[in-house]
Amino acid sequence: MSAPASDLERPATTPAFQQISAGRRTKNTIATVLMVSAFVIAVAPLVWLLVTVLQKGFTHVLNSNWWQKSLAGLTGRQAGGGVYHAIYGTLIQALMCAVIAVPIALMVAIYLVEYGRRSRLAKAITFTVDILSGVPSIVAALFIYALWVTTFGLPRSAFAVSLALVMLMIPVVVRTTEELLKIVPDELREASYALGIPKWKTIVKIVVPTALSGIITGIMLAIARVMGETAPVLILVGYTQFINYDPFGGNMASLPLFMNSERLTINDIGEARVWGAAVTLILIITVINLLATLISRLTAVKSK
């Protein structure tokens, strides 16, 4: 006697994926709404800020004189001029900071990951880096002022600003590089050691190149961060309307210092220059981030 057709059509096992219950669908909808709402709340102030800055300052960056001239010979109530002197100061201070901070931070990160794992010195360095990462910029500026100006008797200068920025940049680069070196597979190191390659050459030729893409991105982002710091330039260097090419002597303008100086003029011309300088700083940081993305892609490890 044959089995009923309904029994033959019945699956042998229960399906793995059951229909989602109404309660789970409701919870999923509520969670989705909450996440989207949190995203909108977080992004809305950023969008509002960018729109406001662009509306009030974008006209300045469209003027070629804004990029090619300084405020030499102009008073706070005279229109015209540009931020050439401030752009140069911002870039040279960030460059000197990177030249000092990047090698130190890379060597510290390599020691922590490759040589000093779980050692007392590594723990002390990690603790120090954690402390530095939480130090306010004004504290770093006051420390350099006490050491550079008060103790050594050296003048306030753009180089002193760079020294303060070094203290802010090192912990960022150390943390970024340390995490990137940790994710390099140990199999690559072991294969290199098995071929008789020394440890230092393994680090230079295999470990660092593997993580180079992310390291460069972290360095560029750290540079972009320190370029907007205001406290070090307010304490360690004076403002000037003229271009000063010497970072070791004399006053030197920068975009944050330029905005603070023009803000004190209390007129429409100074206010417009503040917004223009803000747009200029945003554009420079955007270009740096785009360069970081491009370099990261070009230096990324190619795989089939």
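Bear in mind that the values here come from a model prediction, so they are computed numbers and not experimental data.

1. Quick notes on the pattern of salt bridges
By the definition in use, this model includes seven salt bridges. Across the pair Glu 179 and Lys 182 runs a salt bridge whose closest N-O atoms are separated by 3.9 Å. Within this pair, Glu 179 and its partner Lys 182 are both found in helix α7 (residues 158-182), separated by three residues, close to a single helical turn. With a relative accessible area of 46%, Lys 182 lands in the partly exposed category. With a closest N to O distance of 3.4 Å, Arg 273 and Glu 262 form a salt bridge. Taken as a pair, Arg 273 in helix α12 (residues 268-299) and Glu 262 in helix α11 (residues 255-263) lie far apart in primary sequence, 11 residues in all.

2. Some points on the packing of aromatic side chains
Under the defined criterion, the tally for this structure stands at five aromatic pairs. Taking 5.2 Å as the distance between ring centres and 70° as the angle between the ring planes, the aromatic pair formed by Tyr 88 and Tyr 245 counts as edge-to-face. Of this pair, Tyr 88 sits in helix α4 (residues 84-115) while Tyr 245 sits in the loop between α10 (231-236) and α11, and the two are 157 residues apart along the sequence. Classification of Tyr 88 as partly exposed rests on a relative accessible area of 22%. Pairing Phe 159 with Phe 248 gives two aromatic rings, centres 5.0 Å apart and planes at 40°, and the pair type is tilted. Of this pair, Phe 159 sits in helix α7 while Phe 248 sits in the loop between α10 and α11, and the two are 89 residues apart along the sequence. Its relative accessible area of 52% is what places Phe 248 among the exposed residues. Ring-pair connections join several aromatic residues into one group, and the members of that group are Trp 66, Tyr 239 and Phe 258.

3. A closer look at α11
For α11, a buried count of seven out of nine residues is recorded, marking the element as mostly surrounded by other parts of the structure. Burial in α11 covers these residues: Leu 255, Pro 256, Leu 257, Phe 258, Met 259, Ser 261 and Glu 262. On its buried face, α11 is in contact with α3 (64-68), α4, α9 (199-227), α10 and α12.

4. Digging into a positive patch on the surface
The grouping of Arg 117, Arg 118, Arg 120, Lys 123 and Lys 199 at the surface amounts to a positive patch. Position of Arg 117 among the secondary structure elements: in the loop between α4 and α5 (120-133).

5. Structural notes on the packing of α9 against α12
Two measures define how a pair of helices packs: the angle their axes make with one another and the distance between the axes. It is at 8 Å that the axes of α9 and α12 come closest, and there the two elements cross at 170°. Overall, the two elements α9 and α12 adopt an arrangement that is roughly antiparallel. Touching Leu 212, Ser 213, Ile 216, Thr 217, Met 220, Leu 221, Ala 224 and Met 227 of α9 are Leu 281, Ile 284, Ile 285, Ile 288, Asn 289, Leu 291, Ala 292, Ile 295, Ser 296, Arg 297 and Thr 299, all from α12. Of the residues contributing to the contact of α9 with α12, the split by class is 13 nonpolar, five polar and one charged.

Rules used in this analysis
Residues numbered from 1 in each chain as written. Predicted model: local features only at pLDDT ≥ 70, side-chain atom pairs only at ≥ 80, totals over all residues. Heavy atoms only, no water. Salt bridge = Lys/Arg side-chain N within 4 Å of Asp/Glu carboxyl O. Helix = DSSP H or I, 4+ residues; strand = E, 2+ residues; numbered from the N terminus. Buried < 20%, exposed > 50% of the residue type's maximum accessible area, 1.4 Å probe, protein only. Phe/Tyr/Trp six-rings, centres within 6.5 Å; stacked < 30°, edge-to-face > 60°. Contact = heavy atoms within 4.5 Å. Patch = residues over 30% accessible without salt bridge, like charges linked within 9 Å, V, L, I, M, F, W, Y side chains within 5 Å. Areas by Shrake-Rupley, 256 points an atom, 1.4 Å probe, with all protein chains shown as cover. Lys, Arg positive; Asp, Glu negative; His and termini not counted. Charge placed at Lys NZ, Arg CZ, Asp CG, Glu CD. Axes fitted to C-alpha atoms, helices over the stretch in contact; angles between N-to-C directions. Parallel < 35°, antiparallel > 145°, perpendicular 65-115°, else oblique. Nonpolar A, V, L, I, M, F, W, Y, C, P; charged D, E, K, R; others polar.

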